[in-house]
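Residue strings, one per chain:
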Amino acid sequence: MGHLALIVPLTIGAIFFLLFLLFRSLRYAAMIITVLPFASMGGIVALFLTGEYLSVPASVGFIALWGIAVLNGVVLVSYISSLRADGKTVNEAIIEGTGARLRPVLMTATVAMLGLIPFLFATGPGSEVQRPLAIVVIGGLITCTLLTLVVLPVMYALIENQMERKRERADAAALAATSHPT
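Quick caveat, the model's predicted, so the values are computed rather than measured. (Residues numbered from 1 in each chain as written. Predicted model: local features only at pLDDT ≥ 70, side-chain atom pairs only at ≥ 80, totals over all residues. Heavy atoms only, no water.)

The next thing to look at is the overall build of the chain. Looking only at helices and strands, the chain has six helices and zero strands in total. Going from N to C terminus, the chain has its helices and strands arranged as α-α-α-α-α-α. Its C-alpha atoms give the chain principal-axis dimensions of about 80 × 35 × 25 Å. Here the chain holds 182 residues, and the buried ones make up 40% of them. Sequence-distant contacts, at least 24 apart, represent 74% of the contacts inside the chain between residues at least 6 apart. Accessible surface, the chain as shown: approximately 10100 Å² in total, 72% of it carbon and sulfur. Counting 11 positive and 9 negative side-chain charges, the chain places the averaged centre of each group 3 Å from the other. (Helix = DSSP H or I, 4+ residues; strand = E, 2+ residues; numbered from the N terminus. Buried < 20%, exposed > 50% of the residue type's maximum accessible area, 1.4 Å probe, protein only. Contact = heavy atoms within 4.5 Å. Areas by Shrake-Rupley, 256 points an atom, 1.4 Å probe, with all protein chains shown as cover. Lys, Arg positive; Asp, Glu negative; His and termini not counted. Charge placed at Lys NZ, Arg CZ, Asp CG, Glu CD.)

Structure representation (structure tokens):
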């Protein structure tokens, strides 16, 4: 657990850095990193409901879960951003992008969950490692997938609308400065 206390923050930091490199935006990196609490929440609830406790295998499950959760967030946000770059309004891009990326996001989560179901029912040697890992990933993917498809588009809209208002104020200030020289 001592090693995990070091590895987990480093993992989150590395994920954030890679997201920043991908999007070249602290806002988008921070927005996508918010899927981690949603994923973690589902993993924690699943551990509680099954009577398992936080262990090293469960912690490794959280790290794997975060990778899948961030991937789904990247798939969604990058597509919405590409639609915005093509000239769509914020709302058009969100509606079209979420609809178009619904299937890939659901497929990624579903395949990961289905692949871990045998671990849930394992009883042989190693099952004490497999079961907590599978519980965390499956529980986390359920909440994360649902919340990613709802919360990320809302956050995207808030961020983009805020950035548009700032651009409009800056444009208005620049226009006022050029039309009224001092």
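Per-chain confidence: the chain averages 87 in pLDDT, with 97% of residues scoring 70 or above. Mean pLDDT across the elements of the chain ranges from a minimum in helix H1 (residues 2-23), with 84, to a maximum in helix H5 (residues 90-120), with 92. (pLDDT = per-residue confidence, 0-100.)

This next bit is on the packing of helix H3 (residues 35-50) against helix H6 (residues 127-179). Where H3 contacts H6, the axes come no closer than 6 Å and their chain directions differ by 140 degrees. If you check the angle between H3 and H6, you find them oblique. Relative to H6, the crossing made by H3 is right-handed. Residues Val-35, Phe-38, Ala-39, Met-41, Gly-42, Gly-43, Ala-46, Leu-47 and Thr-50 of H3 form the contact with H6, whose participating residues are Arg-131, Pro-132, Ile-135, Val-136, Gly-139, Gly-140, Thr-143, Cys-144, Leu-147, Thr-148, Val-151 and Leu-152. (Axes fitted to C-alpha atoms, helices over the stretch in contact; angles between N-to-C directions. Parallel < 35°, antiparallel > 145°, perpendicular 65-115°, else oblique. Left-handed = near helix turned anticlockwise from the far one by under 90°.)

Looking now at helix H4 (residues 56-85). The terminal C-alpha atoms of H4 lie 43 Å apart, and with 30 residues this matches the ideal 44 Å at 1.5 Å per residue to within 8%. Backbone geometry just after H4 places Gly-87 at a positive phi near 105 degrees. (Expected span 1.5 Å × (residues − 1).)

Here we come to the environment of Leu-146. Mapped onto the elements of the fold, Leu-146 is located in helix H6. Measuring from C-alpha to C-alpha, the distance between Leu-146 and Ile-44 comes to 16 Å, with 102 residues separating the pair along the chain.

Right, let's get into H6. Look at H6: 73 Å from first C-alpha to last across 53 residues, which is about the 78 Å you get at 1.5 Å a residue. The sharpest bend along H6 reaches about 40 degrees and sits at Thr-148. (Bend = angle between axes of the 7 residues up to and from the residue.)

The phi torsion at Arg-24 lies on the positive side, around 55 degrees, for a residue other than glycine. By secondary structure assignment, the location of Arg-24 is in the loop between H1 and helix H2 (26-33).

With respect to the secondary-structure elements, Ser-40 resides in helix H3. You can call Ser-40 buried: its relative accessible area is 15%. Sequence separation of Ser-40 and Leu-22 is 18 residues, and the distance between their C-alpha atoms is 23 Å. In contact with Ser-40, not counting residues within four places along its chain, are Phe-62, Leu-65 and Trp-66.

So, about the packing of aromatic side chains. On inspection of all chains with the given rule, the structure shows three aromatic pairs. Ring centres of Phe-23 and Tyr-28 lie 5.8 Å apart, and the angle between their planes is 80 degrees; on these two criteria the pair is classed as edge-to-face. Among the residues examined, Phe-23 registers a relative accessible area of 15% and is labelled buried. Accessibility expressed as a relative area gives 11% for Tyr-28, which makes it buried. Relative to Tyr-156, the ring of Tyr-28 has its centre 5.5 Å away and its plane inclined at 15 degrees; by these criteria the two rings are stacked. (Phe/Tyr/Trp six-rings, centres within 6.5 Å; stacked < 30°, edge-to-face > 60°.)

Here we take up the side chain of Thr-145. Within the secondary structure layout, Thr-145 lies in helix H6. Engagement of the side chain of Thr-145 in a polar contact is seen with the backbone oxygen of Leu-141, the distance being 2.7 Å. When sequence neighbours within four positions are dropped, the list of residues in contact with Thr-145 reads Asn-72, Val-105, Leu-106 and Ala-109. (Polar contact = N/O pair within 3.5 Å; in protein donor to acceptor, adjacent residues only side chain to side chain.)

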